Amino acid sequence: MKPSAWNEILAPGAVITDKKTLSAWAAEQSFTSGPRPACALKPTSAAQVQEIVERANAERVSLIPCSSSAPHFRGDTAPEFADAVIVDLGGMDKILRMDVRNKVAMIEPGVTFDTLQEAAHKAGLRLPMPLVPRRTKSVIASILEREPHTIPKYHWDSSDPMCCIEVVFGTGDLFRTGSAAGPGTLEQQWASGQAQKSPMGPSQTDFMKIMQGSQGTFGIVTWATIKLELKPTAQKAFFVGGECLEDIMDFTYAILKPKLPDECLILNRVALASMLTSTAQERDAKAKDLPNWILFYAVAGYEHYAQERISYIEADIADMARRHKVHPQTGLKDIAGLKFLARLSQSSDDPYWKIRHLGGCQDIFFLTTLDRVPNFLAAFEDECRRHALPPDDVGIYLQPTQQGRNVHVEFACMYDPTDAAAKDRIKNLYLSASRRLGDMGAFFSRPYGHWSDMTYAKCPDTVKALHKVKAILDPQGIMNPGKLCFKKGA
């Protein structure tokens, strides 16, 4: 199918054929690359998305949905096969509804974190954020991929904070999940006081969870409702340092169990220094003055008795700190706790903090429980030594999720992409460390690129089930073929 044929569906200028632009889709900031796509399409409505999917089915054209702008890091938008078409949803960037009473926003896929956070703050609400995302990151893309946010007390389920979605499946059918499915139109539901906040359904099937983590292999989401939380009127933030993770681990468990802090995360000194500096030299200098591990947490008060609430939570945590022999501080060296807290509610300055210092970064991340993290750290450090990766080039981020029941572990391996030897070293580390960590029980819940074969080889029953779902929702196999367990000929 010629790219010019898409002009029958889209507005002038919405079909991108520039080779340089298209080549950027083929080569991401990851070790997954593919052939240059045939073109990129920029729809502006769900109706246009539906027409694109219907035409793709008729012509057997592969579609790769994407809503975040470059740079891309995971490999999920790099084509696996020639003549694929990128469906760039970045132009669908409206906040369709802000429901203050029910604390929920309905947004299109092109809405970024700063845009939604600013609108939420004006309404007296806030959006739980992932750790300083890049400025071009789509909120819907992030939550569809289950990227963790920094407030574990508001993370009840793996799908949070996503509620309902509108999706065009690979069949071309437009479908709404949860309470958005009806009865009635959205406008009729709003008139009756509904807010499309309940994600389950329709019936007993949770279609929204089927879409989460699917890397665009089942359909294209055209809007979603996102849970928001009240914006605090007062906050207080603390750092707790430790020379080894065990120094702060039990204290972290203690404050998470009764859900005392709002923001709560652990960084190694390299990750914290990387977020706060502009050059590798500045990063290294700041990191030398920091403890090896830093627990950061914040407590909040709201409209009524804000300071009183902060005071009693602070007192409860102080009791726990004494028992666990740690010393919370409102600042760490020259880093003010409240200033760092404000940084967590915004996206990263450009360049993105993970690539700001050396130019490239390869993440390795998985889920486990906090008590098992020291064993994974020891194994990863051994892999770094084997591959001669300097420890000062690895930022480590531990994010408690689901109210502390498990933890997201993330190794940010920074390198110079113009140095061929360094790039090969990082790629070899990425492959060997992933295999070793997986064999130890690391749960790669988001199997991008090379992880997919490693992960799905261990669960053939899951692969069979997913192929059955694929046959229902995308029978022609046009949606992002080759990703996950949907390999060619499989």
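Relevant structure appears above.
The structure displayed is predicted, hence computed values, not measured ones. (Residues numbered from 1 in each chain as written. Predicted model: local features only at pLDDT ≥ 70, side-chain atom pairs only at ≥ 80, totals over all residues. Heavy atoms only, no water.)

(A) Summary view of unusual backbone geometry. Cis geometry is adopted by the peptide bond preceding Pro 71, which originates at Ala 70 and carries an omega value of 5°. If you check the backbone angles, Lys 259 has positive phi at about 60° while not being a glycine. The topology assignment puts Lys 259 in the loop between α7 (246–256) and β13 (264–268). Here the phi dihedral of Gln 402 falls at roughly 45°; this positive angle occurs in a residue that is not glycine. Given a relative accessible area of 17%, Gln 402 falls into the buried group. (Helix = DSSP H or I, 4+ residues; strand = E, 2+ residues; numbered from the N terminus. Buried < 20%, exposed > 50% of the residue type's maximum accessible area, 1.4 Å probe, protein only.)

(B) Geometry of the side chain of Glu 166. Its location among the elements puts Glu 166 in strand β8 (residues 162–169). A polar atom in the side chain of Glu 166 sits 2.9 Å from the side chain of Arg 176. A polar atom in the side chain of Glu 166 sits 2.6 Å from the side chain of Thr 222. For Glu 166, the residues in contact, after removing those within four places along its chain, are Ala 46, Leu 174, Phe 175, Arg 176, Ile 220, Val 221, Thr 222 and Trp 223. (Polar contact = N/O pair within 3.5 Å; in protein donor to acceptor, adjacent residues only side chain to side chain. Contact = heavy atoms within 4.5 Å.)

(C) Geometry of helix α9 (residues 280–288). The complete set of buried residues in α9 reads Ala 280, Arg 283, Lys 286 and Ala 287. Buried residues along α9 cover an arc of 130° about the axis, so they all sit on one side. In α9, the exposed residues that point more than 90 degrees away from the buried face are Gln 281 and Lys 288. Residues of α9 that are buried make contact with α8 (269–276), β16 (335–336) and β19 (406–415). (Arc of directions from axis to C-beta.)

(D) Inspection of the nonpolar core at higher detail. Membership of the largest hydrophobic core comes to 54 residues, with the highest contact counts inside it found for Phe 251, Phe 380, Leu 398, Phe 411 and Leu 437. Contacts of Phe 251, omitting those with residues within four sequence positions, involve Val 240, Leu 295, Tyr 297, Ile 317, Met 320, Ala 321, His 324, Val 326 and Pro 328. (Core = buried A, V, L, I, M, F, W, Y, C linked by side-chain atoms within 4.5 Å.)

(E) Examining the packing of aromatic side chains more closely. Evaluation of the coordinates by the stated rule reveals 20 aromatic pairs. Ring centres of Phe 238 and Tyr 297 lie 5.2 Å apart, and the angle between their planes is 20°; on these two criteria the pair is classed as stacked. A residue pair is termed long-range when its members are at least 10 positions apart, and Phe 238 in strand β12 (residues 234–242) and Tyr 297 in strand β14 (residues 293–301) qualify at 59 residues. Here Phe 365 and Tyr 448 contribute two aromatic rings whose centre-to-centre distance is 6.1 Å and whose plane-to-plane angle is 70°, an arrangement assigned as edge-to-face. You can see Phe 365 sitting in strand β17 (residues 360–368) and its partner Tyr 448 sitting in the loop between α13 (420–439) and α14 (451–456), a full 83 residues away along the chain. Tyr 448 matches Phe 365 in its accessibility class, with the two residues each being buried. An aromatic cluster is built from Phe 31, Phe 365, Phe 366, Phe 376, Phe 380, Phe 411, Tyr 415, Tyr 430, Phe 444, Tyr 448 and Trp 451, whose rings are joined through pairwise contacts. Sitting above the plane of the Phe 486 ring, Lys 470 keeps its charged end 5.0 Å from the centroid. (Phe/Tyr/Trp six-rings, centres within 6.5 Å; stacked < 30°, edge-to-face > 60°. Lys NZ or Arg CZ within 6 Å of the ring centre and 35° of its normal.)

(F) Broad picture of the sheet that holds strand β3 (residues 63–66). One open sheet accounts for four strands, arranged β1-β2-β4-β3; its pairing is mixed. Since the sheet does not close on itself, it has two edges, and those belong to β1 (15–16) and β3, each with one partner. Sheet topology note: the β3/strand β4 (residues 85–88) ladder contains four bridges and is parallel. By the bridge assignment for β4, Cys 66 is matched with Asp 88. (Pairing = 2+ DSSP bridges.)

(G) Examining helix α10 (residues 306–324) more closely. Taking 1.5 Å per residue as the helical rise, α10 with its 19 residues ought to reach 27 Å, and the 27 Å between its terminal C-alpha atoms agrees with that figure. Taken together, the buried positions of α10 are occupied by Ala 306, Ile 310, Ile 313, Ile 317, Met 320 and Ala 321. What you see down the axis of α10 is that its buried residues fit within an arc of 105°, all on one side. Seen from the buried face of α10, the exposed residues on the opposite side, beyond 90 degrees, are Arg 322 and Arg 323. Elements that come into contact with the buried residues of α10 comprise β12, α7 and β14. Looking one or two residues past α10, Lys 325 carries a phi angle of roughly 60°, positive in sign. (Expected span 1.5 Å × (residues − 1).)

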